[in-house]
Amino acid sequence: MTTAKKLFIKTYGCQMNVYDSERMAETLGTEGYVATDHAEDADMVLLNTCHIREKAAEKVYSDLGRLKPLKQAKPGMKIAVAGCVAQAEGEEILRRAPVVDLVVGPQSYHRLPAMLAAVGQGARAIDTEFPAEDKFDHLPDRRMLRGPTAFLTVQEGCDKFCAFCVVPYTRGAEVSRAPGRLLAEARDLVARGVREITLLGQNVNAYRAEGRGLARLVRDLARIDGLERIRYTTSHPNDMEDDLIAAHGDEAKLMPFLHLPVQSGSDRILKAMNRRHSVDHYLRLVGRIRAARPDILLSSDFIVGFPGETDADFEATLALIRAVGFGAAFSFRYSPRPGTPAAERPAVDAATSDARLQVLQALITGQQRAAQQAMVGREVRVLYEKAGRMPGQMVGKSDHLHAVHVTDPTGTPGELVRVRIVESAANSLAGLRLSA
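What comes next is a walk through the structure. (Residues numbered from 1 in each chain as written. Predicted model: local features only at pLDDT ≥ 70, side-chain atom pairs only at ≥ 80, totals over all residues. Heavy atoms only, no water.)

### Focus: helix H9 (residues 242–250)
Which entries qualify depends on this criterion: Between buried and exposed lies partly exposed: a residue is buried under 20% and exposed over 50% of the maximum accessible area for its type, with that area taken using a 1.4 Å probe on protein chains only. By the criteria applied, helices consist of DSSP H or I runs no shorter than four residues and strands consist of E runs no shorter than two, each listed in order from the N terminus. Summarising the geometry, the arc corresponds to the directions from the helix axis toward the C-beta atoms. Two residues form a contact once any of their heavy atoms are found within 4.5 Å.
Taken together, the buried positions of H9 are Leu244, Ile245, Ala247 and His248. For H9, the angular spread of the buried residues around the axis is 150°, confining them to a single face. Residues of H9 that are buried make contact with helix H8 (214–222), strand E13 (229–233), strand E14 (257–259) and helix H11 (279–292).

Have a look at this one:
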């Protein structure tokens with residue numbers, strides 16, 4: 001009897017990388033690999049990397065340094081680097097890290113079996129091409145499910161070329177998957193117990209295939225019996241079309257949560273970022289979305305200390321945050337990404353950027369806590385994902401994507417239940433299950 005080989009994957013970054021890690025694990029499963037939670041037990045270690053944040057590549061090299069003694073103790077271990085750092089660094093990874101056996105970009109991981117075969121013959125393998133074939137045509141059926149929720153990539157790449165972003169260079173041009181394939185994959189997920197699907201894309205609301213935009217896809221998905229919830233991320237303000245806004249108002253399965261990155265509240269900085277939208281456009285868009293779905297919770301992204309940002313620009317960002325009232329946000333100090341236009345511009349000094357970030361995050365935290373506190377006393381729907389740490393407790397997400405800990409001794413994962421919110425904590429809510 002052949003002993004199964006063990007695979008350890010470390011995933012950096014966004015939901016797209018979580019999805020890609022699942023698909024790579026499924027692909028390697030056809031080669032006899034099974035998952036392990038411990039790198040020291042693995043026959044193969046795969047680092048699925050992200051290139052968005054500061055010093056992303058150096059963090060990967062640091063992790064590779066920690067893996068070196070494991071491979072020395074276990075010479076047969078294979079080490080792979082995948083994802084956006086792999087795409088951007090390529091041959092440099094093989095040069096700097098002899099411990100690495102193979103490097104694969106995010107559009108080529110369907111070729112992992114062939115690359116492993118080359119490694120088995122003593123070669124080191126690299127594939128960072130943008131292949132002509134669609135990787136989804138070559139991937140195995142979905143096997144790795146995370147309970148009653150699942151990600152479904154519908155769109156990849158970006159054509160926006162924001163001045164700070166490497167995604168167009170590491171993920172390529174915008175490409176949308178055929179709706180028939182997506183609907184078939186969604187039906188299969190639902191048949192295996194999935195009740196909530198989050199549609200993924202680097203610029204997901206740019207989805208367009210066979211004459212259908214994202215709104216049409218959402219409406220088609222909503223007709224699948226057993227699929228109770230639909231979400232999507234991440235969006236660009238310039239692609240929020242009328243029919244998608246309308247879907248938030250009239251499609252009950254589309255959840256009242258929208259992540260809509262703005263990045264800055266200064267028109268001057270937005271222009272320098274090549275965002276191609278104004279503050280006024282964003283605020284009017286928010287107004288239209290809330291008119292369609294008054295209870296929607298909005299989330300956003302902010303970059304602080306972008307080259308050229310003045311005190312006045314930063315104050316304009318704070319003003320936008322106060323005007324919108326976000327329920328959540330991701331905020332970061334600007335870090336230059338090699339090869340992007342902004343990387344060549346004079347930086348705002350680190351102390352100023354750090355101080356501004358602390359002020360912005362304090363404002364966002366106050367809005368987030370206010371949004372959560374406003375839920376206390378309300379009835380919400382919660383999709384149970386797993387048992388809680390406390391006996392008789394279940395943990396799940398509300399329609400608004402709040403984490404909710406529910407007192408329910410008889411609850412099971414996959415149930416969608418009515419809950420009365422009784423308490424707001426720092427990053428979650430607590431509630432009691434209501435009778436059916």
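Moving on from the model shown.
### Observations regarding the sheet that holds strand E4 (residues 78–82)
Selection criterion: Strands qualify as paired when DSSP identifies two bridges or more between them. Axis angles are defined between N-to-C directions and span 0 to 180 degrees, where every axis is a line fitted to C-alpha atoms and, for a helix, only to the segment in contact.
With parallel pairing, the six strands of this open sheet are ordered in space as E2-E1-E3-E4-E5-E6. Of all the strands in the sheet, just strand E2 (33–35) and strand E6 (125–127) have a single pairing partner and so form its edges. On average, each strand axis in the sheet is inclined to that of its neighbour by 25°, with strand direction left out of account. Of the strand pairs in this sheet, strand E3 (residues 44–49) and E4 are connected by five bridges, and their pairing is parallel. What sits directly across from methionine 44, in E4, is lysine 78.

### Considerations on the side chain of serine 235
Along the polypeptide, serine 235 turns up in the loop between E13 and H9. Setting aside chain neighbours within four positions, we find serine 235 in contact with Asn203, Val204, Asn205, Leu258, His259, Leu260 and Pro261.

### As for the packing of aromatic side chains
Put simply, the rule reads: What counts as a ring pair is set by centres within 6.5 Å for rings of Phe, Tyr and Trp (its six-membered ring), and what kind of pair is set by the plane angle: stacked under 30 degrees, edge-to-face over 60, tilted for all other angles. To sit over a ring, a charge needs its Lys NZ or Arg CZ within 6 Å of the ring centre and within 35 degrees of the ring normal.
This structure, assessed with the given rule, holds four aromatic pairs. Seen from their ring centres, phenylalanine 302 and phenylalanine 326 are 5.6 Å apart, and the 80° between their planes marks the pair as edge-to-face. With phenylalanine 302 in strand E15 (residues 297–304) and phenylalanine 326 in the loop between helix H12 (311–324) and strand E16 (328–333), this pair connects stretches of sequence that are 24 residues apart. A ring pair is formed by phenylalanine 306 and tyrosine 334, whose centres lie 5.3 Å apart and whose planes are at 70°; its orientation type is edge-to-face. Of this pair, phenylalanine 306 sits in the loop between E15 and H12 while tyrosine 334 is found in the loop between E16 and helix H13 (350–373), placing the two residues 28 residues apart along the sequence. Comparing phenylalanine 306 with tyrosine 334 shows no difference in burial state: the two are buried. Ring-pair connections join several aromatic residues into one group, and the members of that group are Phe164, Phe306 and Tyr334. The residue whose ring lies beneath arginine 96 is tyrosine 61, and the NZ or CZ to ring-centre distance is 3.7 Å. The ring of phenylalanine 136 is capped by arginine 177, whose NZ or CZ atom sits 3.8 Å from the centre of that ring.

### Describing the side chain of threonine 149
Mapped onto the elements, threonine 149 comes out in strand E7 (residues 149–153). Filtering out sequence-adjacent residues up to four positions away, threonine 149 remains in contact with Val194, Glu196, Leu383 and Glu385.

### Remarks on the sheet that holds E13
Each strand in a sheet pairs with its neighbour through backbone hydrogen bonds, running either in the same direction (parallel) or in the opposite one (antiparallel). In space, the three strands of this open sheet follow the order E7-E10-E13, with parallel pairing throughout. Each having just a single partner strand, E7 and E13 make up the two edges of the open sheet. Put simply, the sheet's adjacent strands are angled 25° from each other on average, direction ignored. Bridge count for strand E10 (residues 196–200) against E13 is five bridges, and the pairing is parallel. Paired with leucine 199 across the two strands is tyrosine 232, which belongs to E13. The sheet strands contacting helix H1 (residues 15–29) are E7, E10 and E13, and the helix crosses E7 at an angle near 95°.

### Re the pattern of salt bridges
Defined as follows: The term salt bridge refers to a side-chain nitrogen of Lys or Arg lying within 4 Å of a carboxyl oxygen of Asp or Glu.
One pass over the structure, following the stated rule, counts 36 salt bridges. A salt bridge links arginine 195 to glutamate 228; the shortest N-O distance between them is 3.3 Å. In this pair, arginine 195 sits in the loop between helix H7 (179–191) and E10 while glutamate 228 sits in the loop between H8 and E13, placing the two residues 33 residues apart along the sequence. On the basis of relative accessibility, which here comes to 23%, the residue arginine 195 falls in the partly exposed class. Members of the salt-bridge network, linked through shared partners, are Glu196, Arg229, Arg231, Arg381 and Asp399.

### Description of the environment of glutamate 379
Short version of the rule: In protein, a polar contact means a hydrogen-donor-capable atom and an acceptor-capable atom, both N or O and within 3.5 Å, with residues adjacent in sequence counting only if both atoms are side-chain atoms; elsewhere, any N or O pair within 3.5 Å suffices.
Considering the arrangement of structural elements, one finds glutamate 379 in strand E17 (residues 379–387). Along the sequence, glutamate 379 and valine 419 sit 40 residues apart, while their C-alpha atoms lie 5.5 Å from each other. Beyond its immediate chain neighbours, meaning those up to four positions away, glutamate 379 contacts Arg418, Val419, Arg420 and Leu434. Here the side chain of glutamate 379 touches arginine 418 through a polar contact of 2.8 Å, side chain to side chain.

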